[in-house]
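# Structural overview for review
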Amino acid sequence: MASHRVGEPAALSDSGAPHHHHHHIPYAVPYMLHHPTNSNFINQEGPAFDFGELEEAIILQGVKINNDDKKQHLYTAIRPAATLDMFPSWPMRFHQHTTRGSSKSGEESTDSGSAVNTLSNTPESPSDHRQPPPPPPQMDAAGGIDSPRMSGSQSQPPAKPAPEKTLRRLAQNREAARKSRLRKKAYVQQLESSRIRLAQLEQDLQRARSQGLFLGGGGAASGSISSGGAIFDMEYSRWLDDDHRHISELRTALQAHLSDGDLRVIVDGYIAHYDEVFSLKGAAAKSDVFHLITGMWTTPAERCFLWMGGFRPSDLIKMLIPQLDPLTEQQFMGICSLQHSSQQAEEALSQGLDQLQQSLVDTIANGSVNDSMHHMAIALGKLANLEGFVRQADNLRQQTLHQLHRLLTIRQAARCFLVIGEYYGRLRALSSLWASRPRESMIAEDNSCQTTSDLQMVQASQNQFSNF
Amino acid sequence: MHYQTGSGSCKVPLKRSVATDPMERIERMAAAHAVVIFSDSTCCMCHTAKRLFCSLGVSPVIYEIDQDPRGEDLSKALLRLHGGAAPVPTVFIGGRLVGAIDSVMASHINGSLVPLLKEAGALWL
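Small disclaimer: the values here were computed from a predicted structure and weren't measured.

A separate point is the overall build of chain B. From N to C terminus, chain B includes five helices and six strands. Starting at the N terminus and ending at the C terminus, chain B contains elements arranged as β-β-α-β-α-β-α-β-β-α-α. Counting the 125 residues in chain B, one finds 49% classified as buried. In chain B, 60% of the contacts between residues at least 6 apart in sequence involve partners at least 24 apart. Here chain B has roughly 5900 Å² of accessible surface; of this, 54% comes from carbon and sulfur atoms.

Quick look at the structure:
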């Protein structure tokens, strides 16, 4: 069958200048070549296409892939290997009908047979990949259809059969690689848009500063974020960069087995780094407590587990206990006691906040038409207490970290803070991964490949974290 | 007699003294019981303080200064005493000033609150 579909290596050289074929349509779908008007339906919604056979044919022929990044590929969604010189035996006239060359090979998975590695360096564009692959190009039917046409061209020796399993695996690898690239692309785009947003925030900040808005303590700039919130976001973003640096330093220091004295300096530095964020949050609470308490400054995954504008200290300790092994009996008791105390304090604060909410609800609900402004004024006064709660919650977080520092040896403390830093780093990374996860419409077929690609993605981001 | 109300704690008559310095009044009230909280009945952070002590198994004595005729003087004096953000809640244990809510929380986290309570006789084991 292959012989009906696929061109010949011999024919390649025979044709004299296979390289010139770049500018023409791939032979990938011979049927299409004869029906250029049908090229439209390539770009329409079509059924999923199994490239298995196609790729098998390619591999069999060991065709060298050309790159062509000049023309919009008619069959962009076709997997890369299927490019131009696949059917070199096709007479030129068929190529002339088609206007677009294979281009979007992207970085081909090198896992596929070496002969079919693409040389294309065209970056894949998402739109190309969102185009569904063309419908099965009647490859089987082509056997019958094509042969009359083929008869006029160079004769083709029969293809050598390759092991089914290998070909299927190669095809799956290709698919997995494609999906991985898609996800990477989405992730990078998200990063890009975050970068742009950051630039916008900095611009807002400049504007707000020049107008002295932030001095008024809460005059909201135009847009969804107040100047107080914008300022905090910027400072927090810098704090995150610092955090990353501190974590690396901690990791290096632990691996290098520095002396306790040196470690102490680094650990003290990390504590001070956290003190700094609490100080920043304190200032932000004065200007925009809602920004803090609703967690708009955090990533979605962190926001999901937010407690009173930040992390819940008892949850952090719960996470830490197994990571801090080995602990002395006394240390273990101390940390359990810390967890318990923190829980009591958190509970008391939560109850206080509940009472505030209840009181606010009563005030707003009971305002009559006549004295609604009066009630609003009272409600505003009550709202002001929110700041106190966020501050006390941050105070609790700060005290908890300090107490951990006191309970542990310097080496344990270094490991403890490394764990904390990496934990939140992963939580933040989780948010990004979640945002860029493939949606249903992007998955063409073969869900079995998906898990592998997901793992690859997660592992890629995990590589920056040490093991605990 | 003027009774102070408190949440879940005992009611205490507030003696109306003549021209007593608010600071002296505070000291006298604080010394009278093991755990004393100066509070405001409308203040939610005071509710937090009360809940915390109750969760520890302590029954604090609570003075609601908004219900005291000379509550304002008391309020100013309390603020001077610990220099915090708000006059209430202010906590005394065993007659000694612990401070505002942040000091109480810090003391609980670093493990010093419970021994203090035991020492003052507010807690047994």
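Next comes the rest of the account.
Below, the discussion takes up the pairing of strand E6 (residues 96-99) of chain B. Relative to E6(B), strand E5 (residues 90-93) of chain B runs antiparallel, the two being bridged by three bridges. The residue of E6(B) that forms the bridge with Val91(B) is Gly99(B).

Turning our attention to the pattern of salt bridges. Residues and elements named next belong to chain A. For the structure shown, the criterion picks out 16 salt bridges over all chains. As a salt-bridge pair, arginine 397 and aspartate 394 come within 2.4 Å of each other at their nearest N and O atoms. Placement of both arginine 397 and aspartate 394 in helix H17 (residues 385-407) is noted, with a separation of three residues, approximately one turn of the helix.

Counting 78 residues, the largest nonpolar core has Tyr274(A), Leu320(A), Phe417(A), Ile420(A) and Phe38(B) as the members making the most contacts within it. Top contributing element to this core by residue count: helix H11 (residues 260-287) of chain A, with 11 residues. Formed by 16 residues, the second largest nonpolar core is a distinct cluster that contains Phe53(B), Val98(B), Val104(B) and Leu123(B).

Tracing the chain through its elements places Ala413(A) in helix H18 (residues 410-435). What Ala413(A) contacts, discounting residues up to four positions off in sequence, is Val267(A), His405(A) and Leu408(A).

Let us now look at the interface of chain A and chain B. Counting from both sides, the interface comprises 20 residues of chain A and, opposite them, 16 residues of chain B. Three residues stand out in chain A for area buried against chain B, namely Gln344(A), Gln355(A) and Gln392(A), and they jointly supply 30% of the buried area on that side. Between chain A and chain B we count zero salt bridges in total. On the surface where chain A and chain B come into contact, there are five residue pairs in polar contact (both at pLDDT 80 or more). Secondary-structure elements contributing two or more residues to the side of chain A that touches chain B are helix H15 (329-365) and H17 of chain A. A breakdown of the residues in the side of chain A that touches chain B according to their chemical character gives seven nonpolar, 12 polar and one charged.

Another point: helix H10 (residues 227-255) of chain A. Its 29 residues give H10(A) an end-to-end C-alpha distance of 42 Å, which sits within 8% of 42 Å, the value for a rise of 1.5 Å per residue. Positioned one or two residues after H10(A), His257(A) has a phi angle of 55°, which is positive.

In this section: the sheet that holds E6(B). All names here are of chain B. The mixed open sheet is built from four strands, whose spatial order is E4-E3-E5-E6. Of all the strands in the sheet, the pair left with one neighbour each is strand E4 (61-64) and E6. Within this sheet the neighbouring strands show an average axis-to-axis angle of 25°, counted without direction. Bridge count for strand E3 (residues 35-39) against E4 is four bridges, and the pairing is parallel. From the neighbouring strand, serine 39 faces E4, where its bridge partner is glutamate 64. Contacting E3, E4 and E5, helix H2 (residues 44-55) runs over the sheet at an angle of about 165° to E3. Sheet strands in contact with helix H4 (residues 101-109) are E5 and E6, and its direction is about 95° off that of E6.

Time to look at the confidence of the model for chain B. All names here are of chain B. Overall, the prediction assigns chain B a mean pLDDT of 87, with 85% of residues at 70 or greater. Of all secondary-structure elements in chain B, the lowest mean pLDDT belongs to strand E1 (residues 2-3), at 42, while H2 reaches the highest, 97. Within the model, pLDDT remains below 50 along residues 1-7, and this stretch shows 22 contacts once partners closer than five positions in the same chain are excluded. The ipTM value of the predicted complex is 0.86, and its pTM value is 0.59.

Definitions and cut-offs
- Residues numbered from 1 in each chain as written.
- Chains lettered and ligands numbered in written order.
- Predicted model: local features only at pLDDT ≥ 70, side-chain atom pairs only at ≥ 80, totals over all residues.
- Heavy atoms only, no water.
- Helix = DSSP H or I, 4+ residues; strand = E, 2+ residues; numbered from the N terminus.
- Buried < 20%, exposed > 50% of the residue type's maximum accessible area, 1.4 Å probe, protein only.
- Contact = heavy atoms within 4.5 Å.
- Areas by Shrake-Rupley, 256 points an atom, 1.4 Å probe, with all protein chains shown as cover.
- Pairing = 2+ DSSP bridges.
- Salt bridge = Lys/Arg side-chain N within 4 Å of Asp/Glu carboxyl O.
- Core = buried A, V, L, I, M, F, W, Y, C linked by side-chain atoms within 4.5 Å.
- Buried area = accessible area lost by both parts, 1.4 Å probe.
- Polar contact = N/O pair within 3.5 Å; in protein donor to acceptor, adjacent residues only side chain to side chain.
- Nonpolar A, V, L, I, M, F, W, Y, C, P; charged D, E, K, R; others polar.
- Expected span 1.5 Å × (residues − 1).
- Axes fitted to C-alpha atoms, helices over the stretch in contact; angles between N-to-C directions.
- pLDDT = per-residue confidence, 0-100.

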